[in-house]
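# Structural features, examined
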Amino acid sequence: MRETDADAAWHGLASCEKCGIRDLVLFADLANEDFSAIHLPIEDIWLPPGAALYQAGQAAEALFTVREGLVKLEQYLPDGALRIVSLAGDGDVAGLEATVAAAYEHTAITLQPTKVCRIPKEVVARLSPKLHRQLMNKWYASVQRSQECTRELSTGSARQRVARLFLLLAPAAAERCRLFGREDIGALLGITTQTASRIVAEFKRAKLAEEVAPNIFRRDIAALEKLAVEG
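Just so it is clear, the model here is predicted, and its values are computed rather than measured. Residue indices begin from 1 for each chain and proceed along its sequence in written order. Given that the model is predicted, a residue must reach a pLDDT of at least 70 before its local features are reported, and side-chain atom pairs must reach 80 or more before they are shown or counted; all residues, however, enter totals for whole chains, interfaces and linings. Each side-chain value is worked out from all heavy atoms of the structure, with water and hydrogens disregarded.

## A closer look at the nonpolar core
If you look at soluble globular proteins, the nonpolar side chains tend to sit buried side by side. This is how the line gets drawn: Buried residues of nine kinds, namely Ala, Val, Leu, Ile, Met, Phe, Trp, Tyr and Cys, make up a nonpolar core once their side-chain atoms join them within 4.5 Å. Throughout this description, buried means an accessible area under 20% of the type-specific maximum (1.4 Å probe, protein chains only), exposed means over 50%, and partly exposed covers the range between. Think of it this way: any DSSP run of H or I at least four residues long counts as a helix, any run of E at least two long counts as a strand, and we number them from the N terminus. Contact criterion: two residues are considered in contact whenever any of their non-hydrogen atoms come within 4.5 Å of each other.
Among the nonpolar cores identified, the biggest contains 30 residues, and Leu165, Phe166 and Phe203 are the most heavily contacted of them. For this core, the secondary-structure elements that each account for two or more residues are β5 (82-88), α3 (128-153), α4 (158-168), α5 (182-189), α6 (193-205) and α7 (221-230). Those residues within four positions of Phe166 in sequence are excluded, and the remaining contacts are Cys177, Leu179, Phe203, Ala209, Phe217, Arg219 and Leu224. With 27 residues, the next largest nonpolar core counts Leu73, Tyr104, Ala108 and Leu127 among its residues.

In structure tokens:
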């Protein structure tokens, strides 16, 4: 697959058929002949941290499958505060509202180096009967993830919230996880940037999370799980 920047697209649909995470994404249920019905370009895009996939209120023209990396969905609250309402990681779809709404509900910003496939909503509309199950699965996963963020990351003490974030950033079997900026941690957890920085530094000193490279951490899963529950 030819990797491109945000201003270019690839037209080789054989890459969709051979996608390494095809079983996780919207095209999981498509047969090879279905790809012949796709006539619009599907962009394969690498984005650096801090890049916007789309802005809240922008015309919703495409869905974005996250192949690698992490994307935050953020919005401003009535009091003007910025909150991260959900995260989208490998296999997730950002911008699902493009299938039913004229504009995006949130702003989607990359938190890590991220690879996405930009799928025009016309492609989804044309194939909607065959994509129905996957679309419903993705809607459900999106709702569950948003509820998880609210339940796990917006309740309890600040230390509990940071511990839960470290646990949520990667499966327990993963040796390491990648953290992101302290300002974003604060916006996600509903704490100040200073508090987020202080607690991460505290975790490092206590060996709850050992920074082995910039923003790459080896986690003490058992200790973090205990802290997440007991505080």
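After that view, the rundown keeps rolling.
## Some points on α6
Here is the rule: Helix span, expected: 1.5 Å multiplied by one less than the number of residues in the helix. Comment: arc refers to directions from the helix axis out to C-beta atoms.
Over its 13 residues, α6 extends 19 Å from the first C-alpha to the last, a length consistent with the 18 Å expected when each residue adds 1.5 Å. Buried within α6 we find Thr195, Ala196, Ile199, Val200 and Phe203. Buried positions in α6, seen along its axis, are confined to an arc of 130° and lie on one side of it. Away from its buried face, by an angle of more than 90 degrees, α6 presents the exposed residues Gln194 and Arg205. Residues of α6 that are buried in the fold lie against α4, α5, β10 (209-213), β11 (216-219) and α7.

## A word on the sheet that holds β10
Counted only if it meets this: Pairing between two strands is assigned when DSSP locates at least 2 bridges connecting them. Fitted lines through C-alpha atoms give the axes, limited to the stretch in contact for helices. The angle between two N-to-C directions lies from 0 to 180 degrees.
Read from one edge of the open sheet, three strands run β9-β11-β10, paired in antiparallel fashion. Every other strand in the sheet has two partners, leaving β9 (176-178) and β10 as the edge strands with one partner each. Neighbour-to-neighbour, the strand axes of this sheet turn through a mean angle of 40°, independent of strand direction.

## A look at the environment of Thr110
For clarity, the cut-off: Under the rule applied, a polar contact is a pair of N or O atoms within 3.5 Å (in protein, one hydrogen donor and one hydrogen acceptor; residues adjacent in sequence only if both atoms are side-chain atoms).
Along the chain, the position of Thr110 falls in strand β7 (residues 107-110). Judged by relative accessible area, which is 2%, Thr110 ranks as buried. Considered as a pair, Thr110 and Pro48 are 62 residues apart in the sequence and their alpha carbons are 7.1 Å apart. If sequence neighbours within four positions are ignored, Thr110 has contacts with Leu47, Pro48, Pro49, Gly50, Ala51, Leu70 and Val71. One polar contact links the side chain of Thr110 to the main-chain carbonyl oxygen of Pro48, over a distance of 2.6 Å.

## What to know about the side chain of Thr114
Mapped onto the secondary structure, Thr114 falls in strand β8 (residues 114-120). Assessed through its relative accessible area of 0%, Thr114 is described here as buried. Looking at Thr114, its side chain comes within polar contact range of the main-chain oxygen of Gln112, at 2.6 Å. When near neighbours in sequence (up to four residues on either side) are disregarded, Thr114 contacts Ile45, Trp46, Leu47, Val66, Glu68, Gly69, Leu70 and Val71.

In short, the description is geometric, and any link to function would need to be established separately.
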